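These are the residues of each chain, in order.
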Amino acid sequence: MTVKNFIEACFKGISQVFLIENVTTGVFFLTGIFYHSRCLGMGAVFGALVGTGQALLLKYNSDDIRQGLYGYNSTLVCLAIFYFFGLTIPALIASFLGATLSVFITNIMRRTWRLPTFTAPFIVSTWIVMSALLTFHFAPLQTSPLPMSNTISMISALCLGVGQVMFLEDVVAGMILFIGILAGSRVSALYAVLGTALGVAVSIACSLPIGAMNLGLFGFNGVLCGIALADRKWGQAYWAMAAMSVSTFMVYGMLKVGIISLTSPFVISTWVVLLIKRRFLR
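So, here's what we can say about the structure. Numbering of residues starts from 1 in each chain and follows the order in which that chain's sequence is written. Per-residue local features of the predicted model are confined to residues with pLDDT of at least 70, and side-chain atom pairs are confined, for both listing and counting, to 80 or more; whole-chain, interface and lining totals are unaffected and use all residues. As a rule here, side-chain values come from all non-hydrogen atoms in the structure, and water together with hydrogens is ignored.

### Structural notes on the packing of helix α5 (residues 72-85) against helix α6 (residues 89-112)
Following both chains from N to C, one finds α5 and α6 inclined at 150°, their axes separated by 8 Å at the closest point. Put simply, α5 runs roughly antiparallel to α6. Of the two possible hands of crossing, α5 and α6 adopt the one that is right-handed. For the pair formed by α5 and α6, the contact residues are Asn 73, Ser 74, Val 77, Cys 78, Ile 81, Phe 82 and Phe 85 on the first element and Ala 91, Leu 92, Ala 94, Ser 95, Gly 98, Ala 99, Ser 102 and Thr 106 on the second. Amino acids outside the nonpolar list (Ala, Val, Leu, Ile, Met, Phe, Trp, Tyr, Cys, Pro) and the charged list (Asp, Glu, Lys, Arg) are all regarded as polar, and Gly is one of them. Class assignment of the residues belonging to the contact of α5 with α6 gives a composition of 9 nonpolar, 6 polar and no charged. Here the axes come from fitting lines to C-alpha atoms, over the contacting stretch only for helices, and the angles between their N-to-C directions go from 0 to 180 degrees. What counts as a helix is a DSSP run of H or I of at least four residues, what counts as a strand is a run of E of at least two, and both are numbered from the N terminus. Note on angle classes: values under 35 degrees are labelled roughly parallel, values over 145 roughly antiparallel, values of 65 to 115 roughly perpendicular, and the remainder oblique. Note: crossing handedness is left-handed where the near helix turns anticlockwise from the far helix by less than a right angle, and right-handed where it turns clockwise. In what follows, residue pairs with any heavy atoms lying within 4.5 Å of each other are defined as contacts.

### With respect to the nonpolar core
Grouping buried Ala, Val, Leu, Ile, Met, Phe, Trp, Tyr and Cys residues that are joined through side-chain atoms within 4.5 Å yields what is termed a nonpolar core. Partly exposed residues are those whose accessible area sits between 20% and 50% of the maximum for their type, while under 20% is buried and over 50% is exposed, using a 1.4 Å probe and protein chains only. The biggest cluster of nonpolar side chains holds 76 residues, and the ones touching the most others in it are Phe 18, Ile 81, Met 166 and Ile 181. The biggest single contributor to this core is α5, with 9 residues.

### Concerning α5
In an α-helix, one full turn covers 3.6 residues, which means residues spaced three or four apart are oriented alike. An expected span of 1.5 Å times one less than the residue number is assigned to each helix. Look at α5: 20 Å from first C-alpha to last across 14 residues, which is about the 20 Å you get at 1.5 Å a residue. The element α5 is largely enclosed, with a buried count of 13 among its 14 residues. Once α5 finishes, Gly 86 follows within two positions and takes phi at roughly 80°, a positive value.

### Things to note about the pattern of salt bridges
In the sections that follow, a salt bridge refers to a side-chain nitrogen of Lys or Arg positioned within 4 Å of a carboxyl oxygen of Asp or Glu. Enumeration over the complete set of coordinates arrives at 4 salt bridges. Ionic pairing is found between Arg 66 and Asp 63, a salt bridge with its closest N-O pair at 2.5 Å. With Arg 66 and Asp 63 both in helix α4 (residues 62-66), this residue pair falls 3 residues apart, about one helical turn. A salt bridge links Arg 110 to Asp 64; the shortest N-O distance between them is 3.2 Å. Taken together, the residues span a long stretch of sequence, with Arg 110 in helix α6 and Asp 64 in helix α4 at a distance of 46 residues. Judged by relative accessible area, which is 39%, Arg 110 ranks as partly exposed.

### Examining the environment of Val 200
Mapped onto the secondary structure, Val 200 falls in helix α10 (residues 186-205). For the pair formed by Val 200 and Ile 65, sequence separation is 135 residues and the distance between their alpha carbons is 36 Å. Each residue touching Val 200, except ones within four places of it in the same chain, is listed here: Met 154, Ala 157, Leu 158 and Met 213.

### Quick word on the packing of α10 against helix α13 (residues 237-256)
At a minimum axis separation of 9 Å, α10 and α13 run at an interaxial angle of 45°. Classified by the angle between their axes, α10 and α13 sit oblique to one another. Crossing hand, α10 versus α13: right-handed. Counted together, Tyr 191, Leu 194, Gly 195, Leu 198, Gly 199, Val 202 and Ser 203 of α10 and Ala 237, Ala 240, Met 241, Met 244, Ser 245, Thr 248 and Phe 249 of α13 form the full contact between these two elements.

### Description of unusual backbone geometry
With phi around 50°, Phe 118 is a residue other than glycine that occupies positive phi space. Locating Phe 118 in the fold gives a position in the loop between α6 and α7 (120-135). Judged by its relative accessible area of 8%, Phe 118 is buried.

Treat this as a map of the structure, not an account of what it does.
Right under this line is the structure:
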């Protein structure tokens, strides 16, 4: 693989976080991340390099590597660790180990799992690494409690519903990510809007915490559900909407019991919908 192809694979790895294979999309995503946080920007670059590089060293399928399929889970792992623990030596080591683990899990799942892997390798790797960091007191969590609010900020809730996929808590950064989605796929962009909007609608209808809603926490899993289940036939949109709604309630439930859900509500709800579709729409 040439240097040019490797760089393109890294950018595609970043774009594949939203299940889109597009270099331009990856550039927009990285721009949005750096706009919000240089620390997270370095995490994204580090993750994409580690994931893509490890897959090359292990001589995994070259087409999968070129499509960025070994870069996006590792990118998310590093974003998560840098977000929760900051840019420290323990976090850097944990990011490398977690990103490497995600590459192994991705390869195993792509060979044995009958459903799309989505971000499952990221979730498993990050939970393992975070558990180790916290259990052995290598590094403390650097996150603050969820803010309390009685005022709905619709713009914030909608934009952060996109941004939170990459741990971005900034309206402009969320808009930049949305432009990146639009550059890669107009259909995906429409479903991304539907996902974040439905998350807000369900939150309001069910009186879920407004502070969490304003931070986009009830929308970002729905965004990924929408993109994963996007269909040009709008008559099929109800499948995506079902997964979005389920993911919203899963996020709320996991918040209540203190579990860092990451994108597990997206993966579980989308897998369930895909299994139902296979069972009843053969």
